[in-house]
Amino acid sequence: MGALFAGTLAISRFSVAIEVELVTSLVVTACLVISSRYLISRAWGARSAFILISIAQLTVVGLFGAPLTYIAASASLPLQDANLAYLDNLLGLDWPAYYNFFVARPWLLQYAVFFYAMILSPTLTVPIVLGLTGNYMRLQRFVLACTLTVCVTALVSALVPAIGTYQQYGLPADTQDFKAMGYLIQLERLPLARDGSLRILQISQISGIVTFPSFHAAAAILALWGFWAVWWLRPAALILNGGMLIATPLIGGHYFVDVFAGVALAALSIYATEWRALGKFSVRGDDVSSGRAYPVPAKSEVV
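Throughout, a residue's number is its position along its own chain's written sequence, starting from 1. This being a predicted model, a pLDDT of at least 70 is required before a residue's local features are given, and a value of 80 or more before pairs of side-chain atoms are given or counted; all residues contribute to the totals for chains, interfaces and linings. Remark: hydrogens and water are excluded; side-chain values derive from all non-hydrogen atoms of the structure.

A. Region of interest: the state of the cysteines. Pairs of cysteine sulfur atoms within 2.5 Å are what we label disulfides. According to the stated counting rule, one finds zero disulfides in the structure shown. Note on Cys-146: no disulfide assigned, nearest cysteine sulfur contributed by Cys-151 at a separation of 11 Å.

Structure below.
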């Protein structure tokens, strides 16, 4: 991802602002990596090592992923809102009716905002849970699947740009009862990235500006799959990530086909992590199906 980000910066007119937040994130990430390398060489430190290195990797994925969506948007290909809305209609899915259902029930809106914000939790919670329970194989695959999903999402968003549902259907995204923050951020920044007005990337102030495919939907599936390795967490994972899927069209201004595409992309990324060519670890059938990891290697076996 670093190479991809550096390459796209080199061929575009974007630059990255050096901020305290960016430097702090890089320093903290480096400390996590160094600590994990020390702990993995100790028989008692494997669980902590896997947690720290995974958090470090996912942090870097986030640092590169959001800016990549801005660079992708600068391709400024024709907007596809009308086509995405048409696909929803072909499937018999009525987005305005979905919107009106929530607006008519204001008590539901607070839950939608809450579940939509759950995208922030997997970066910490999945590594901690899988690391503490010894599901190292599942954790490695989770990080790799997240990385693949972010890269493909950025690429596809360049080819299928869209503003979102609220503009397409002429419905208010900022009301007395709620704000569709995911959509409003995109509405403000996507045009600036497309017309060249925004070319300085401030990592601390940017978030993804993707409509198709929905990364929120993909993140929900990835997190659900990660937590599924721990049986007693499955009910909570279903509730939280199912809620995120339901809230994504409303708060993110996504078409239903965006959600379907995000789900499919996450599933393909998870499947791709089984390919040996994508990782240095071998995958055994029983480990893949159960989420169990290999036994912790002895100190002499650690490379």
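From this point, the discussion proceeds with the structure in view.
B. Inspection of the packing of aromatic side chains at higher detail. What counts as a ring pair is set by centres within 6.5 Å for rings of Phe, Tyr and Trp (its six-membered ring), and what kind of pair is set by the plane angle: stacked under 30 degrees, edge-to-face over 60, tilted for all other angles. This model, assessed by the stated rule, comprises 15 aromatic pairs. Each ring, one from Trp-95 and one from Tyr-98, has its centre 5.9 Å from the other, and the planes form 55°; the classification is tilted. Here Trp-95 pairs with Tyr-98, and both are found in helix α5 (residues 95-103), just three residues apart, close to one helical turn. For Trp-95, a relative accessible area of 0% gives the class buried. Arranged with centres 6.5 Å apart and planes meeting at 55°, the rings of Tyr-169 and Tyr-255 form a pair that is tilted. Per the convention used, a helix needs a DSSP run of H or I reaching at least four residues, while a strand needs a run of E reaching at least two, with both numbered from the N terminus. Burial classes: relative accessible area under 20% of the type maximum marks a residue as buried, over 50% as exposed, and values in between as partly exposed (1.4 Å probe, protein chains only).

C. How the structure looks around the confidence of the model for the chain. The predicted model of the chain averages 87 in pLDDT, with 91% of residues at 70 or higher. The pLDDT score gives, residue by residue, the confidence of the prediction method on a 0 to 100 scale. In what follows, a contact means two residues having at least one pair of non-hydrogen atoms within 4.5 Å. Segment residues 282-303 is flagged for pLDDT under 50; beyond a separation of four residues in sequence, or across chains, it makes 34 contacts in the model.

D. Inspection of the environment of Lys-179 at higher detail. Relative to the elements of secondary structure, Lys-179 occurs in the loop between α9 (165-169) and α10 (181-195). A relative accessible area of 45% means that Lys-179 is categorised as partly exposed. The sequence separation of Lys-179 and Ile-251 amounts to 72 residues, and the corresponding C-alpha distance is 7.3 Å. Ignoring any residue separated from it by four or fewer positions in sequence, one finds Lys-179 in contact with Ala-173, Asp-174, Leu-184 and Ile-251.

E. Structural view of the nonpolar core. Only buried residues count toward a nonpolar core, which is a set of Ala, Val, Leu, Ile, Met, Phe, Trp, Tyr and Cys residues joined through side-chain atoms within 4.5 Å. If you look at the biggest cluster of nonpolar residues, it comprises 37 residues, and the most contacted ones within it are Phe-14, Tyr-70, Phe-102, Tyr-166, Phe-178, Leu-201 and Leu-250. Within the residue set of this core, elements represented by two or more residues are α1 (2-11), α3 (46-73), α5, α6 (106-116), α10 and α12 (234-252). In terms of residue count, α3 provides more of this core than any other element does, six residues in total. Leave out the neighbours within four places in its chain, and Leu-250 touches Trp-95, Tyr-98, Tyr-99, Phe-102, Leu-109, Ala-112, Tyr-166, Phe-178 and Ala-180.

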